[in-house]
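Below, each chain spelled out in residue letters.
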Amino acid sequence: MFKESFKYYKSKWPVPDFKDVINFSGQQNDEEVKEFHLNDCEETASLGLPLGLQPVHHWKLFTLNNHPGLLVIRHAFTAQGQRYWMARSLKDYPRAPNRVNLNERLFQKSVLDDWWCSLQNCEDKDEARRMKISMRWTTLGYHHDWDTKVYSEEMHTKFPEDLAKLSNFFASVLGYSNYQAQAAIVNYYPIGTTLAGHTDHSEQNLEAPLFSISFGQTAIFLIGGQTREEKPTALFLESGDVLVMSRESRLCYHAVPRVMKAREETWNNLTEPLSKTTKESSLEPPTQPSKRLRTEVPCITSTETQAALEWGMDPLLYHQITDDAFWLPFKNYLHDSRININVRQVLYQNQRTLNDQKQQCGS
């Protein structure tokens, strides 16, 4: 039944009916979805707030009654926050020594080492398109081995500090104490691409939650059960949504059968209020943005710089993304693409390396 649902929502013709896809608009069946909010309590306030996030009381959280352990957070990111993580995912995360999917026989080493820079400097339109659509993933921290499905210390590089602190913040707000972000897969989805049904079971520590953050165009996400025979639930994941998988949901089959145009490219509306950037409407292509580029960009402040540094972020990048000319290549990429960052904890709390677990098992 999982395969049947995947084929249905993947279909280009006939176009599937989306009426059964949960869109978290507040009009969904209460028997399926439960909505709740978090308050800015004293404990939450003590954590501070990373740059680019909405105050916690603005977040909308949803659980699915038939899928325990699954949580969706909406309205967590500001437009500038979305831009920052989009830029990091494109400009920085695919750089060496992080691993990418690009084949060394098909691309020069310069492309494998710095894909985004090579893409921006490519003057051949056909080659640039091939370079763009060929990039499908990069891995951070403990690098996932797609053949063995096993992590190793030999395939381990430093995890980005800003992404670690962001993930740890989400974990703390949701009550997951001692969470440590240690591995991530950043997926790149041009419209028309898919991710087949699978489970995430490579991590030794399956008690820790998995954080999956969506940016760019909209995806239909399927979450099923622990076998392919169970019918999955379909839901929309939009830019800035955070999907949290914990407990039972970690071992459930899930997939992305469709990437489609967003209702609105909210990341391009830096001055739009929350109520407008998150409005519900039909799923249709966004209106054409103005071609006029912003010529006056506010100077970066010392307060902003200090806040960025406290969260391990790049203060210059956080400032640059407000400049339309700087943002334009990212905007062009995201016009027909989606980015997904999924973050995991690999080790148990008392482990320092994977070898610690092996020694414990051996003893």
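Fair warning: this is a prediction, and the values are worked out from it, not measured in the lab. (Residues numbered from 1 in each chain as written. Predicted model: local features only at pLDDT ≥ 70, side-chain atom pairs only at ≥ 80, totals over all residues. Heavy atoms only, no water.)

K.L.:
Hey, could you run me through the side chain of Thr 138 in this one?
P.N.:
For Thr 138, the position within the fold is in strand S5 (residues 137-141). Its relative accessible area of 0% is what places Thr 138 among the buried residues. In terms of polar contacts, Thr 138 uses its side chain to reach the backbone carbonyl oxygen of Tyr 93, at 3.2 Å. A distance of 2.8 Å separates a polar side-chain atom of Thr 138 from the backbone oxygen of Arg 99. Filtering out sequence-adjacent residues up to four positions away, Thr 138 remains in contact with Tyr 93, Pro 94, Asn 98, Arg 99, Val 100, Ala 184, Ile 185, Val 186 and Tyr 188. (Helix = DSSP H or I, 4+ residues; strand = E, 2+ residues; numbered from the N terminus. Buried < 20%, exposed > 50% of the residue type's maximum accessible area, 1.4 Å probe, protein only. Polar contact = N/O pair within 3.5 Å; in protein donor to acceptor, adjacent residues only side chain to side chain. Contact = heavy atoms within 4.5 Å.)

K.L.:
Would you take a moment to explain the environment of Leu 195 for this structure?
P.N.:
Its place among the elements puts Leu 195 in strand S7 (residues 195-198). Residues Leu 195 and Arg 258 lie 63 residues apart in sequence; the distance between their C-alpha atoms is 8.4 Å. With residues up to four places along the chain from it excluded, the contact list for Leu 195 reads Phe 6, Tyr 189, Ala 255 and Val 256.

K.L.:
Please clarify how the packing of aromatic side chains should be interpreted in this entry.
P.N.:
Aromatic ring pairs are reported here in terms of the distance separating the ring centres and the angle at which the planes meet. Throughout the structure, instances matching the rule amount to 23 aromatic pairs. Between Trp 115 and Tyr 333, the aromatic rings sit 6.1 Å apart at their centres with planes inclined by 80 degrees, giving edge-to-face as the arrangement. In this pair, Trp 115 sits in helix H5 (residues 115-121) while Tyr 333 sits in helix H11 (residues 324-334), placing the two residues 218 residues apart along the sequence. With a relative accessible area of 1%, Trp 115 lands in the buried category. The buried category is assigned to Tyr 333, whose relative accessible area is 3%. (Phe/Tyr/Trp six-rings, centres within 6.5 Å; stacked < 30°, edge-to-face > 60°.)

K.L.:
Would you explain unusual backbone geometry in this entry?
P.N.:
Of all residues except glycine, most have a negative phi; of all peptide bonds, most are trans. Going from Trp 13 to Pro 14, the amide bond is cis rather than trans, its omega being 0 degrees. Along the chain, Pro 14 falls in the loop between helix H1 (2-10) and strand S1 (33-36). A cis amide bond links Ala 96 to the next residue, Pro 97, at an omega of 10 degrees. Backbone geometry places His 75, a non-glycine residue, at a positive phi of 70 degrees. For His 75, a relative accessible area of 16% corresponds to the buried category. Its identity is not glycine, yet Arg 247 carries a phi of approximately 50 degrees, on the positive side.

K.L.:
It is not clear to me how the sheet that holds S1 should be interpreted in this structure. Could you clarify?
P.N.:
Strands in a sheet are paired, the pairing made by backbone hydrogen bonds, and the direction either parallel or antiparallel. With respect to topology, nine strands assemble into an open sheet ordered S1-S2-S3-S11-S8-S13-S6-S5-S4, the strand pairing being antiparallel. Each edge of the open sheet is held by one strand with a lone partner, namely S1 and strand S4 (99-100). Bridge count for strand S6 (residues 183-190) against strand S13 (residues 337-344) is eight bridges, and the pairing is antiparallel. What sits directly across from Ile 185, in S13, is Asn 342. (Pairing = 2+ DSSP bridges.)

K.L.:
For this particular structure, what's the right way to read the packing of helix H3 (residues 79-92) against helix H7 (residues 161-173)?
P.N.:
Where H3 contacts H7, the axes come no closer than 12 Å and their chain directions differ by 135 degrees. The pairing of H3 with H7 is recorded here as oblique in orientation. Note on packing geometry: the crossing formed by H3 with H7 is left-handed. Each of Tyr 84, Trp 85 and Arg 88 in H3 lies in contact with H7, whose residues at this interface are Asp 162, Leu 163 and Leu 166. (Axes fitted to C-alpha atoms, helices over the stretch in contact; angles between N-to-C directions. Parallel < 35°, antiparallel > 145°, perpendicular 65-115°, else oblique. Left-handed = near helix turned anticlockwise from the far one by under 90°.)

Everything listed here is a matter of coordinates, which is why it stays silent on function.
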